[in-house]
Amino acid sequence: MAGRMHVSGMVHVNINVSDFERSRAFYEALGFRLFWMVPATNSPEVAAAVGMPPYRVKGGLMRLEGADHPLVIDLLQWEHPHDDAPPYPHLYHRGLARLALATRDMDADLATLAAMGVELVGPPARVVMNGVPTGGRFVCFKDPDGTILELVEMGDGAEGAG
């Protein structure tokens, strides 16, 4: 058996979008701030490293302001190559499914999402641990392209929703 790797943390989560400016505004409403625009094109070595032909992209790295732990998203609008297929239709597909974000005020955030016209996947639910509902709640919702995000409000020792 191989030895343990030396992973020390998360660098970023990549979210592909159809319209960078629209999605940038959406993620800014969630508390993220742009801190670096990615180059529109890159070297053949970089393209090969991500398994793509030479490409053109519009995007940037966004950092969650005031986060208890650093959280960075890499928001990318692929101009070439381009794929108009929608994101996954449900949460039980293989691979990455959703990005869960902690909130200190679920009710206020739900009001903000409603004012933004954001589609909820379902109503907020209580976290259940060992058959007992806790004070923690969670809700899943969609970004402008349909990527599913989750808000988790901790309470009474809840560690998360899913």
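From a predicted model like this one, the values you see are computed outputs, not experimental measurements.

The next subject is the overall build of the protein. Counting its regular elements, the protein contains three helices and eight strands. Walking the protein from its N terminus toward its C terminus, one meets helices and strands in the order β-α-β-α-β-β-β-α-β-β-β. Principal axes of the C-alpha set define a box for the protein whose edges measure 55 × 50 × 30 Å. Relative to its full complement of 162 residues, the protein shows a buried share of 32%. Residue pairs in contact within the protein that sit at least 24 positions apart in sequence constitute 55% of those at least 6 positions apart. Surface accessibility of the protein: about 10300 Å² in total, with carbon and sulfur atoms responsible for 56%.

By size, the foremost hydrophobic cluster in this structure holds 21 residues, and its most contacted members are Ile 15, Tyr 27, Ile 73 and Leu 75. For Tyr 27, the contacting residues outside a window of four places in its chain are Ile 15, Phe 32, Met 62, Ile 73, Leu 75, Asp 143 and Leu 149. Membership of the second largest hydrophobic core comes to six residues, among which are Ala 47, Tyr 55, Val 57 and Trp 78.

Within this structure, the stated rule accounts for three aromatic pairs. Summarising the aromatic geometry, the rings of Phe 26 and Tyr 27 are spaced 5.2 Å apart at their centres and angled 80° between planes, so their arrangement reads as edge-to-face. This pair shows no difference in class: Phe 26 is buried, exactly as Tyr 27 is. Judged by centre distance (5.2 Å) and plane angle (80°), the rings of Tyr 55 and Trp 78 are edge-to-face.

Glancing now at the confidence of the model for the protein. Residues of the protein with pLDDT of at least 70 account for 95%, and the chain-wide mean is 90. Across residues 157-162 the pLDDT falls below 50, and counting only partners more than four positions away or on other chains, this stretch makes 16 contacts in the model.

Right, let's get into the side chain of Thr 147. Summarising the element assignment, Thr 147 is placed in the loop between strand E7 (132-142) and strand E8 (148-153). Ignoring anything within four residues of it in the chain, the contact list for Thr 147 reads Ile 15, Asn 16, Pro 87, Tyr 88, Phe 141 and Lys 142.

As summarised here, the arrangement of the four strands in space is E1-E4-E3-E2, forming an open sheet in which the pairing is mixed. Two strands lie at the open edges of the sheet, namely strand E1 (13-16) and strand E2 (32-37), each paired on one side alone. On average, each strand axis in the sheet is inclined to that of its neighbour by 30°, with strand direction left out of account. Bridging between E1 and strand E4 (residues 72-80) involves four bridges; their strand directions are parallel. Considered in E4, the bridge of Asn 16 is made with Leu 76. Sitting on the sheet, helix H1 (residues 20-29) is in contact with E1, E2, strand E3 (56-64) and E4, with an inclination near 5° to E3.

What follows concerns unusual backbone geometry. The amide bond that connects His 80 to the next residue, Pro 81, takes the cis arrangement and shows omega of -5°. With respect to the helices and strands, Pro 81 occurs in the loop between E4 and strand E5 (99-103). Even without being glycine, Asn 130 reaches a positive phi, approximately 55°.

Once that is clear, we can look at helix H3 (residues 106-115). Residues that lie three or four places apart on an α-helix share one face, since the helix turns once every 3.6 residues. Of the positions making up H3, those classed as buried are Met 106, Leu 110 and Leu 113. Buried positions in H3, seen along its axis, are confined to an arc of 60° and lie on one side of it. Next to the buried residues of H3 lie E5, E7 and E8.

Glancing now at the environment of Tyr 92. Turning to its location among the elements, Tyr 92 is positioned in the loop between E4 and E5. The sequence separation of Tyr 92 and Leu 75 amounts to 17 residues, and the corresponding C-alpha distance is 23 Å.

Thresholds applied
Residues numbered from 1 in each chain as written. Predicted model: local features only at pLDDT ≥ 70, side-chain atom pairs only at ≥ 80, totals over all residues. Heavy atoms only, no water. Helix = DSSP H or I, 4+ residues; strand = E, 2+ residues; numbered from the N terminus. Buried < 20%, exposed > 50% of the residue type's maximum accessible area, 1.4 Å probe, protein only. Contact = heavy atoms within 4.5 Å. Areas by Shrake-Rupley, 256 points an atom, 1.4 Å probe, with all protein chains shown as cover. Core = buried A, V, L, I, M, F, W, Y, C linked by side-chain atoms within 4.5 Å. Phe/Tyr/Trp six-rings, centres within 6.5 Å; stacked < 30°, edge-to-face > 60°. pLDDT = per-residue confidence, 0-100. Pairing = 2+ DSSP bridges. Axes fitted to C-alpha atoms, helices over the stretch in contact; angles between N-to-C directions. Arc of directions from axis to C-beta.

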